[in-house]
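Examining the three-dimensional arrangement
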Amino acid sequence: MEALTGLATGFGAILTPANLWYCFVGSLIGTLIGVLPGIGPLAAMSLLLPITFSLQPLGAVAMLAAIFYGAMYGGSTTSVLVNIPGEAASVVTCLDGYEMAKRGRAGAALGMAAIGSFIAGTISVVLVTLFSPALTTVALKFGPPENAALMVFGLVCTVLMIRGSPVKGLVMIALGFLIAAVGQDVVNGRERFTFGSVDLLAGLELVSIVIGLFGVSEILLNVEELARNDVVRTKIAGLLPTAADWRASWKPILRGSGLGFLLGVVPGGGPVTASFLSYTMEKRLSKTPEKFGTGTIEGVAGPESANNAAVAGSMIPLLSLGLPANAVTALLLGALIIQGIQPGPMFMVQRPDLFWGVIASLYVGNVFLLLLNLPLIGLWVQLLRVPYRILFPLILLLCVVGAFAANKNLFDLPVMIGFGVAGYVLRKLEYDLAPLILAIVLAPLLEQSLRQSLVMSQDGFAIFLVRPISVGILALSAAVVAWIAWRALRPAKP
Amino acid sequence: MAERALNLFWVALGLATCAYARSLGLTGPGGPDSGLFPFIAGAFVAAGGLWLLLRARQTRAGNVVWPRGAALARVTMVTGGLVAMTLLLPYIGFVAAAVVTMVVLLRAIERTRWIEVIGLAVASSVAVWWLFARVLAVPLPQGPWGF
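Everything in this summary refers to the structure shown in the same document. Since we're looking at a predicted model, the values are computed, not measured.

Our next topic: the pattern of salt bridges. Throughout the structure, instances matching the rule amount to 11 salt bridges over all chains. Where A:Asp245 meets A:Arg105, a salt bridge forms, and the shortest distance between an N and an O atom there is 2.7 Å. Pair noted here: A:Asp245 is in helix 11 (residues 243–265) and A:Arg105 is in the loop between helix 5 (93–102) and helix 6 (106–131), with a separation of 140 residues, a long-range link. In this structure A:Asp245 comes out as buried when scored by relative accessible area, which is 6%. One salt bridge in this structure joins B:Glu3 and A:Lys168, with 2.7 Å as the shortest N-O distance. In this pair, B:Glu3 is assigned in helix 1 (residues 2–24) and A:Lys168 in helix 9 (residues 166–181), connecting two distinct chains. For the pair shown, B:Glu3 and A:Lys168 are each scored as buried.

Tallying the contact residues gives 62 residues for chain B and 58 residues for chain A. Interface area for chain B against chain A, summed over the two sides, is near 5200 Å², with a carbon-plus-sulfur share of 79%. The tally of links from chain B across to chain A stands at 2 salt bridges. Elements that contribute at least two residues to the side of chain B that touches chain A include exactly helix 1, helix 2 (36–54), helix 4 (69–109) and helix 5 (114–135) of chain B. Among the elements that make up the side of chain B that touches chain A, the one with the highest residue count is helix 4 of chain B (17 residues). Per-class residue counts for the side of chain B that touches chain A are 41 nonpolar, 15 polar and 6 charged.

So, how was this worked out
Residues numbered from 1 in each chain as written. Chains lettered and ligands numbered in written order. Predicted model: local features only at pLDDT ≥ 70, side-chain atom pairs only at ≥ 80, totals over all residues. Heavy atoms only, no water. Salt bridge = Lys/Arg side-chain N within 4 Å of Asp/Glu carboxyl O. Helix = DSSP H or I, 4+ residues; strand = E, 2+ residues; numbered from the N terminus. Buried < 20%, exposed > 50% of the residue type's maximum accessible area, 1.4 Å probe, protein only. Contact = heavy atoms within 4.5 Å. Buried area = accessible area lost by both parts, 1.4 Å probe. Nonpolar A, V, L, I, M, F, W, Y, C, P; charged D, E, K, R; others polar.

So, in structure tokens, the structure goes:
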């Protein structure tokens, strides 16, 4: 009942012409960047982040969130038509989607991807609605020690999500702490790492860092090889799946929705993992696993449902606990903080209009995306034929404007270029950049709440051990660390 | 080679950070002081870099291909274009700097007809300026001619 009342408040907030417009624009841009290879949701969101500064918080976050799940919808289009995933979560859709396109069934693959995404998105948003209020009961008991413990848990979970070498990931987390320390100390105002520069007093701008690491570095990697787009030339027809397609797909869609939602909630999960695991699960459960990879519709329906469900799932830890589950939600967290809002345990209590408004925007955005995707597939195909040599200078212009617009300060441009080159080198050397961004966002929150706790405390660090919630969260963090250590140290299977 | 240099950089950066952080103070009467968090982070960076140096065989990135020839030229042109635009912006404003950068990039990356290059550069620069400066009221750097 509480959820329904809250949701009604949320719909009241989102169903205004301005907020609907921002949600629509976010859905459209998300689909567009999902369609275009070479720019992911993270880069697009970071480019558009400065625009949101002048918007109302709900409109801003609804637009950025719509870009995230819009990219999941749009990403399938390139996977099916060009065999190039528009973004990482659609990699697995290439396997069967492109094979279906080669056999003249591109329409069915695209239609099922869009409809499956819509169903999964809707199911997972209902689950978000039901689960989020459960966390409000503990929310009122949160103070600086609990927040500090929560941030420790967030960092431990960041370790879980490291892809590739764990040591390289840890170096990235530590580097994130260093970058976050630049500027004035949040507690006593003392200068750190500013070296007398006035531009560094306010710290390094998150937007410039993200645009550099993900936008500029992506372009540098892409211009090494300017691939020509080889779009499927056959006429795309029959977007509505047949009865046989539905019979084959409804179970993968439901399973993908559940799996994706769970993996979205768990830090380190997210859409990419969800799509791969869904594909593996469907193949294992199938009576004809040998058909996977040859153009079977289950191989499209399951992963596409899973990656959309994961997006909605990742909103739970972000909105309820203030913990980003991946780099994209870290950026959403950054957007909220810039707007003067601190998501976390008290968010639902203090700003129910915004909390439920964001959830209601997920419902609205899913409807927009279904309406956008089916009729506009022809347009997306035309866009795919725009050569990358024309697209990338335009993206670079947007990078420059995005980095500048955050503070209206030219100093942010060299910062963006520096992080762009650094991101290019680090990605070449197989460093995972997501933990770096998460650490940059979480480090100031952890430092501030830890030091506030110690100022409050009469007995130093004992304050964390006498408060049940903080000791519980720290115990959970210790358990996760122990599990990570066990996993790293156990002997490899022969 | 590049990976070894980067690992050495991590060690140097970490140690320098630790030294600097100590000068800020690690602990005070109220608990952690300004230098504690950077000190711990610096120690992790240095230790991580050292580990990566010592265990290079296990942790090295596999099959890293650095750009050469035309690919290297393209990467350099894009980076140089961004630097040039950053330097030009305060003097000639956003639109002129964007047009110059786009013309150079469009011509340098792949041979394209001049008419196409100039048309595209002018149209896209003006469109981006109009969207951000006019519609969204972002005060983009202005040249002597007011845009």
